[in-house]
Every structure is written in structure tokens, then in C-alpha cells.
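Each chain, written out:
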Amino acid sequence: MSGKTLILGIESTAHTFGVAIIDENFTVLADERSTLDVPLGSGIHPQKAAEHHAQNACRLITSALKKANISPDKLSGIAYSAGPGLGPALRVGATTARALSLLFKKPIYAIHHAIGHIELAIKLTKSTDPLVVLVSGGHTAITAFSDGKWRIYGETLDITLGNLIDQFARELGLPFPGGPHVESLAKKSQNYIPLPYTVKGNNVMYSGLLTHVISLASKHKLEDLCYSLQETAFSMLVEAVERALVQLDKKEIVLTGGVASNSRLQEMLSQMAEIHGVKVLVSPKKYNPDNGVQIAIVGLYLHKHNLSVPVEKAIVKQRWRLDEVDIPWRM
Ligand code: ATP
């Protein structure tokens, strides 16, 4: 076995229950995941997500320990997603983590889910001082590290980019998650339909765009709507990122979160970055959506800083901004 420190990470903020085990060299020894099946025409129902997680937690933990070839008493600590996310889903992860912590007398680490996305992406892309663009179902944030925290330099003022795409997809009869379906349909069109474009400073607003594009559903071809939605929503984001980039004078952009897998978004961001001589680094597709590795990696950082929480305080926070979190491992 490589290294002595072993952290088990549990992810349960939304649709996915993930369990990963990593060692002190950041080797991924296990990465088990199960994702809720969302029926057509529906979104993630918090209670259904919680039921899914409860049904799969034990199996995934057992399987992760088996894959890593370790017994639970060899773990150095348990890290869990403490928020933000869906309350019932989060509580399954937290309860599981507390049970493991008490049973095997291991320290417990409460992780901010978005910090997990960010830190894993940075590790995997080997970036040093990036502007991070986090685009997922729960986040649309342009962030950079400064003075002990990940500071927000731009964000959505209403719904997230992932939410925009998923809600549009649901209304238009596409399966969940909508992103991959919208992306492949968009590739079949180059017919741009003008849509509302709202950028305020470094921030974007997507709810007006969503309402408008849905209202056009009966008047246009689905692929034209998908294409136009992507072009508009991504242009807005790229404009906001460009402004933050110029203000901060960063040399690298790290793109992460589920929507980061979109090739058109990657292309648009890269075209803008190239003008400024900036590199765009995208975390490997496998690690863009929610997973236990992102939680375990932050757990490892907290473990090195002895920042566990007492088990009775290992609770969840449905609402929790990423710029509230202290980041002692970055100087
Ligand atoms: P968070 O991680 O902030 O809690 P989440 O759990 O919903 O939110 P992820 O699993 O990181 O987030 O991302 C899911 C989102 O990514 C969904 O909105 C999904 O539609 C979107 N997505 C996945 N693949 C693509 C793609 N190819 N193009 C656009 N969006 C995509």
C-alpha cells in the first residue's frame, strides 16, 4: 500500500452518492459512485435522492474498502460533504460519516462541496495560481484564491448554468441531466435565434433567458434552440470570466464542475483566453461531476492541518457560500 494516511470521502449533496479512498500521495485507491435515476420530465426530488443514497451507502462503502484492500480501522479520517446541497441527501452522507467516525474512532472532516470541485481540479490539472470557473448544477462561480479564502469575482445572480440547461431540457422533454443531450443537439445547428443576454459587471443572470427560450419551444426546431441557448449562456459566462481575468491578471483558467465537460464551452473559453495569452485547463471528464475523490482530497488537506470537527458538530448546511470557508492549506 502506498503511504500511511488514508482518507475516506463521502459525497451526497445531490444526485450522486460517492465514496472514495485516497492516500497521502493523492493516489485514488477507490472511487465508487451511484447516481439517482431521474424520470423523464422530472428534476432531482430531494427525498428520492436521500432514499437512493441510503439504499446505496453501505454497498458503496464496503466496495470502496474492498477495492482499496483495507479494513476500516486503517483509515486516518472520514470526510463528508457538509453542504451546500439538498438537505435530505446531505443528511444521509453526514449520518453515514458520523457512524463510521464513532464506530472506528476516526476524526471527521466537514467539507464544502464546491471547494472539493476546485481543489481536485487544481490538483489534476497541476495548476498553480488559477482563475477557477466552477459551473455545475449548484454553482456558477468565477473564483480565485486570495488572503486565506476562495474569493468570488463573478457569479450567477439567480439560477446556475447547470440549472438553466437542466430546466430547459426538462421543459423540452429531454432526459436528466440535460447537459449532454443539449450539447449533442446543439451540434446539429448553426441557426442562431436571438435570446436575452444579461451580464451585470462580472455577474450573469440566466432566469430571463430560461423563461424566454422555453416560450419559443413551439416556434423553433429543438436543435436551433439548444444551439442558441448554449451560444447565449456561454457567451455571457465567457464575458464575465474575461472581465475577472483582466482584473486579476491570471495566467491560467481552470474549468470545472459538470458543465465543464461541454466542448463548446471549453472552445469559447479557450478562444477568449488565447487573446490574453492565458491557458485553459479542464479537469478530466470523469472528475467534473460529483464524486467522493473531491471530498477526500479536501479531507486530506484538513487532516494535515488537524482540522477535524467534533462528531456532534458534524452537521449539514444546505446554504453555504464558498467564500465563507477558510483555506489554511493555501498560502
Ligand atoms: P454541485 O456540484 O454544484 O453541487 P451538481 O451536483 O448538480 O452541482 P455536477 O454533478 O458537478 O453538479 O454537474 C451536473 C450538471 O452538469 C448538470 O446540470 C448537467 O446537465 C451538467 N452537464 C453535464 N454534462 C454536460 C455537458 N456535456 N454540457 C453541459 N452541461 C453538462
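Residues numbered from 1 in each chain as written. Predicted model: local features only at pLDDT ≥ 70, side-chain atom pairs only at ≥ 80, totals over all residues. Heavy atoms only, no water.

Would you take a moment to explain helix α2 (residues 87-104) for this structure?
Within an α-helix, residues lying three or four positions from one another point in the same direction, as the helix has 3.6 residues per turn. In a regular helix each residue adds 1.5 Å, so 18 residues correspond to 26 Å; α2 covers 26 Å between its end C-alpha atoms and thus fits that length. The inward-facing, buried residues of α2 abut β1 (6-11), β2 (16-23), α1 (46-68), β4 (77-83) and β5 (108-112). Remark: Lys-105 follows α2 within two positions and exhibits a positive phi of approximately 55 degrees. (Helix = DSSP H or I, 4+ residues; strand = E, 2+ residues; numbered from the N terminus. Expected span 1.5 Å × (residues − 1). Contact = heavy atoms within 4.5 Å.)

Is there a simple way to think about the pattern of salt bridges in this case?
Pairing is possible between side chains that carry opposite charge, provided their charged atoms lie close to one another. Taken as a whole, this structure holds 13 salt bridges when the rule is applied. A salt bridge links Asp-326 to Lys-149; the nearest nitrogen and oxygen atoms lie 3.0 Å apart. Residue Asp-326 is found in the segment after α9 (292-304), and its partner Lys-149 is found in strand β8 (residues 149-155); the two are separated by 177 residues along the sequence. Its relative accessible area of 53% is what places Asp-326 among the exposed residues. For Glu-231, the salt bridge identified is with Arg-264, shortest N-O distance 2.7 Å. Of this pair, Glu-231 sits in helix α7 (residues 222-248) while Arg-264 is found in helix α8 (residues 263-275), placing the two residues 33 residues apart along the sequence. What makes Arg-264 partly exposed here is its relative accessible area of 23%. Overlapping salt bridges bring together Glu-155, Arg-321 and Asp-323 as one network. (Salt bridge = Lys/Arg side-chain N within 4 Å of Asp/Glu carboxyl O. Buried < 20%, exposed > 50% of the residue type's maximum accessible area, 1.4 Å probe, protein only.)

Can you help me understand the sheet that holds strand β12 (residues 279-282) in this one?
Within a sheet, neighbouring strands are paired by backbone hydrogen bonds and run either parallel or antiparallel to one another. Taken in spatial order, the 5 strands make up an open sheet running β8-β7-β6-β11-β12, and their pairing is mixed. Each edge of the open sheet is held by one strand with a lone partner, namely β8 and β12. Here the average twist between neighbouring strands, direction ignored, is 25 degrees. The sheet contact formed by strand β11 (residues 252-256) and β12 spans 4 bridges and is parallel. (Pairing = 2+ DSSP bridges. Axes fitted to C-alpha atoms, helices over the stretch in contact; angles between N-to-C directions.)

Quick question: what am I supposed to make of the site of the ligand here?
Near the ligand there are 23 residues, and of these His-113, His-117, Ser-136, Asp-166 and Asp-290 occur at the shortest range. Separating a nitrogen atom of the ligand from a side-chain N or O atom of Glu-183 is a distance of 2.8 Å. At 3.0 Å, a side-chain N or O of Asn-262 approaches a nitrogen atom of the ligand. Relative to its free-state accessible area of 640 Å², the ligand is covered by the protein chains to the extent of 92%. Breaking the shell around the ligand down by element, the ones donating at least two residues are α3 (113-125), α4 (161-171) and α5 (178-186). For the shell around the ligand, the leading source of residues is α5, giving 4 residues. Partitioned by chemical class, the residues of the shell around the ligand number 5 nonpolar, 15 polar and 3 charged. (Near = heavy atom within 4 Å. Polar contact = N/O pair within 3.5 Å; in protein donor to acceptor, adjacent residues only side chain to side chain. Areas by Shrake-Rupley, 256 points an atom, 1.4 Å probe, with all protein chains shown as cover. Nonpolar A, V, L, I, M, F, W, Y, C, P; charged D, E, K, R; others polar.)

When you look at the sheet that holds β5 in this model, what are you seeing that I'm missing?
In spatial order, the strands read β3-β2-β1-β4-β5; together these 5 strands make up an open sheet with mixed pairing. Looking at which strands have only one partner, the edges of the open sheet turn out to be β3 (28-35) and β5. Averaged over all neighbouring strand pairs, the angle between strand axes comes to 20 degrees, with direction disregarded. Both β2 and β3 contribute to a ladder of 7 bridges, which runs antiparallel. Note on β3: the bridge partner recorded for Val-19 is Glu-32.

So what exactly am I meant to see when it comes to the pairing of β1 here?
The two faces of a sheet get side chains in turn, since along a regular strand they alternate between them. Burial of β1 is extensive: 6 of the 6 residues sit out of reach of the surface. Burial along β1 is two-sided: the residues Leu-6, Leu-8 and Ile-10 and Ile-7, Gly-9 and Glu-11 are all buried. Bridge analysis of β1 against β2 gives 6 bridges, and the strand direction is antiparallel. Bridged to Ile-7 within β2 is Ile-22. The turn linking β1 back onto β2 is made up of 4 residues. Pairing geometry for β1 and β4, over 4 bridges, is parallel. Considered in β4, the bridge of Leu-8 is made with Ile-78.

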